[in-house]
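# Coordinate inspection notes
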Amino acid sequence: MPQAVLVRWFCRVYLLMLYAYPREFRLQFGGEMQQLFRDRCRLTAGNPGRLRWLRFALRSAADWLSTTIEERTVTLREMTPRDYGRKAAGLARTVWSAGRSHQPRGLVAEWGMTLVVFLFATTTLVQAYVIPTGSMEGTLRVGDHMLVDRVAFANPGKWGGKLLPYRDVERGDIVAFHYPEDVRQTYVKRVVGIPGDRIRLQDKQVIRNGVRLREPYTQHIDPMVEAYRDNFPAAPQWSTTPRGRDMLLNHVRDGEVVVPPGMIFALGDNRDNSEDSRYWGFVPRDYVVGKPLLVYWSYDAPTADLESWSLGHVVDVMAHFFTRTRWERTLLVPRSQQAGVDQ
Amino acid sequence: MKKPSAPQELLPLTAPVFHILLALTGEERHGYGIMQDVARQTNDGLQLGPGTLYGCLKRMLAAGMVEESEERPDPALDDERRRYYRMTPLGRRVVRAEAQRLANAVTAAKARRLFDWPETEEA
């Protein structure tokens, strides 16, 4: 990595670290401390030695840790009960007047609001997920980190359909949902069948309600035709999961799967390499989490690293962030797409 | 913090404070200049990080040992304006008192022939 990038990166991190110091101290010396830190960075960049950056980082961290603690305790010790009272009153005032007055808001209020909005947004409105497997390859790639819109398909009873944009799940939508066999996992697939639809596959092609679908979003990587996978639900595989067996036993009529009320039939776009409704049955409508909103970061990494972060993966990301990030996929919006009819 | 009138009340100084005062003895310097000079004084034994340096300067300003000078660019560095610091008369008295205290300690050590022993001797 070029030295200039490293210096800039270090300085940016240090700017954040400065917020650990008491406000008065930061206001008085923050700018100069940044200058000094940058000068030391450049000094380090000019020095020889392979471990110089590590030594520099450790030394800076030690300096930061010891002095933040020191400055904080000094500030606390110098405060009288009246100061505490004044500080609490000031905080209450800034929070109270935040957003109403035109004066610049206090830093505390601003960060507080940011935090509240962030927590609300990340838990209620959107949620971040990563795609660990290739079942949607062609549309979503392994290592796509994306935000899921949790409002889009939310139950309108809870939210009030008039209040927020809401619609029901439709055929062709990409949905994120709790994997029915293990609700701790979240899967992303495309909706192929909604309640009442009759579904079967013939030579890899979906036939829905008697109509052959032309699905531009799918990809096929295997030239071979597998009896069950590609001519579903013919030649039932009894090794499927309990829910998959239930589907094959109770919801097949005349060689077609009929989607029961309150359920969804979902398939991966990478049709030949996708564990989907063919194998583990229907997705209950209530298990749908939301709709993929956009890919905010796409990073080329193996599946195991994406499923749980390890120290090795952190180091890998730090070392290859710029080269392995798929920049062209950043801020990509996965769209629902309707299947055409094959004549 | 109330300002002590006698330098003796401020002794002994911590190592960073003492070396910062030494760095400011000849001329006024900015933060990076102080850091470089302290490293020179101690043969790179004492590398002041930003937190340590400005924590010390804050207390030294409060005690009246140093004062802020003007802000101006350093011709040797980039064009950025930097805040310079200079020593006050009190600071000069304090660093002299501390140096005297250390000199007395060194004299006492010499009187006990501490430096006559070979340095490599280990018990």
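Thresholds applied
- Residues numbered from 1 in each chain as written.
- Chains lettered and ligands numbered in written order.
- Predicted model: local features only at pLDDT ≥ 70, side-chain atom pairs only at ≥ 80, totals over all residues.
- Heavy atoms only, no water.
- Helix = DSSP H or I, 4+ residues; strand = E, 2+ residues; numbered from the N terminus.
- Buried < 20%, exposed > 50% of the residue type's maximum accessible area, 1.4 Å probe, protein only.
- Contact = heavy atoms within 4.5 Å.
- Pairing = 2+ DSSP bridges.
- Axes fitted to C-alpha atoms, helices over the stretch in contact; angles between N-to-C directions.
- Parallel < 35°, antiparallel > 145°, perpendicular 65-115°, else oblique.
- Left-handed = near helix turned anticlockwise from the far one by under 90°.
- Nonpolar A, V, L, I, M, F, W, Y, C, P; charged D, E, K, R; others polar.
- Buried area = accessible area lost by both parts, 1.4 Å probe.
- Salt bridge = Lys/Arg side-chain N within 4 Å of Asp/Glu carboxyl O.
- Phe/Tyr/Trp six-rings, centres within 6.5 Å; stacked < 30°, edge-to-face > 60°.

Attention shifts here to the overall build of chain A. Looking only at helices and strands, one finds 11 helices and 13 strands in chain A. Residues counted as buried form 41% of the 343 residues belonging to chain A. Counting only contacts in chain A whose residues sit at least 6 apart along the sequence, the fraction spanning at least 24 positions is 63%.

All names here are of chain A. In spatial order, the strands read β8-β9-β5-β6-β7-β13; together these six strands make up an open sheet with antiparallel pairing. Since the sheet does not close on itself, it has two edges, and those belong to β8 (252–253) and β13 (340–341), each with one partner. Relative to β13, strand β7 (residues 211–214) runs antiparallel, the two sharing two bridges. Pairing of R214 across the sheet is with G340, part of β13.

With that settled, the discussion passes to the packing of helix α2 (residues 23–46) of chain A against helix α2 (residues 31–41) of chain B. Where α2(A) contacts α2(B), the two axes come as close as 9 Å, and the packing angle between them is 50 degrees. By the criterion of interaxial angle, the relationship of α2(A) to α2(B) is oblique. For α2(A) against α2(B), the interelement crossing comes out right-handed. Between α2(A) and α2(B), the residues in contact are A:L36, A:D39, A:R40 and A:L43 and B:G31, B:Y32 and B:M35, respectively. Tallied by class, the residues present in the contact of α2(A) with α2(B) amount to four nonpolar, one polar and two charged.

Let us now look at the packing of α2(A) against helix α3 (residues 50–63) of chain B. In the contact formed by α2(A) and α3(B), the axes pass within 9 Å of each other and the chain directions differ by 140 degrees. Taken as axis vectors, α2(A) and α3(B) run oblique relative to one another. The handedness of the crossing between α2(A) and α3(B) is right-handed. Of the residues in α3(B), those in contact with A:F25, A:Q28, A:F29, A:E32, A:M33, A:L36, A:F37 and A:R40 of α2(A) are B:P50, B:G51, B:L53, B:Y54, B:G55, B:K58 and B:L61. Here the contact of α2(A) with α3(B) is composed, by residue class, of nine nonpolar, three polar and three charged.

A:P233 follows A:F232 through a cis peptide bond whose omega is -10 degrees. Within the secondary structure, A:P233 is located in the loop between α7 (227–230) and α8 (242–250). In this chain, B:L11 is followed by B:P12 through a cis amide linkage whose omega measures -10 degrees. Although it is not a glycine, B:R113 sits at a positive phi angle of roughly 55 degrees. Looking at the element boundaries, B:R113 is found in the segment after α4 (89–111). Classification of B:R113 by relative accessible area gives exposed; the value is 54%.

This next bit is on the interface of chain B and chain A. Listed per partner, the contact involves 22 residues of chain B and 21 residues of chain A. Taken over both partners, the interface formed by chain B and chain A buries close to 1900 Å², and the fraction arising from carbon and sulfur atoms is 52%. Taken together, the links from chain B to chain A amount to four salt bridges. When contributions to the side of chain B that touches chain A are tallied by element, the ones reaching two or more residues are α2, α3 and β3 (81–87) of chain B. Per element, the largest residue contribution to the side of chain B that touches chain A is nine residues, and it comes from α3(B). For the side of chain B that touches chain A, the class distribution of residues is eight nonpolar, six polar and eight charged.

Residues and elements named next belong to chain B. With antiparallel pairing, the three strands of this open sheet are ordered in space as β1-β3-β2. Either end of the sheet is taken by a strand with one partner, and the two such strands are β1 (29–30) and β2 (66–73). When β2 meets β3, the two strands line up antiparallel, connected through six bridges. Bridged to V66 within β3 is M87. Contacts between helix α1 (residues 15–26) and the sheet are confined to β1, β2 and β3, with β3 contributing the most and set at about 95 degrees to the helix.

Once that is clear, we can look at the packing of aromatic side chains. All names here are of chain A. What the rule picks out here adds up to 22 aromatic pairs over all chains. Here F25 and F29 contribute two aromatic rings whose centre-to-centre distance is 5.3 Å and whose plane-to-plane angle is 55 degrees, an arrangement assigned as tilted. Residue F25 and its partner F29 are both found in helix α2; the two are separated by four residues, about one turn of the helix. Note on F29: relative accessible area 0%, which makes it buried. Aromatic side chains F37 and F56 sit 5.5 Å apart centroid to centroid with 40 degrees between the ring planes, which places their arrangement in the tilted category. Of this pair, F37 sits in helix α2 while F56 sits in helix α3 (residues 52–78), placing them 19 residues apart in sequence.

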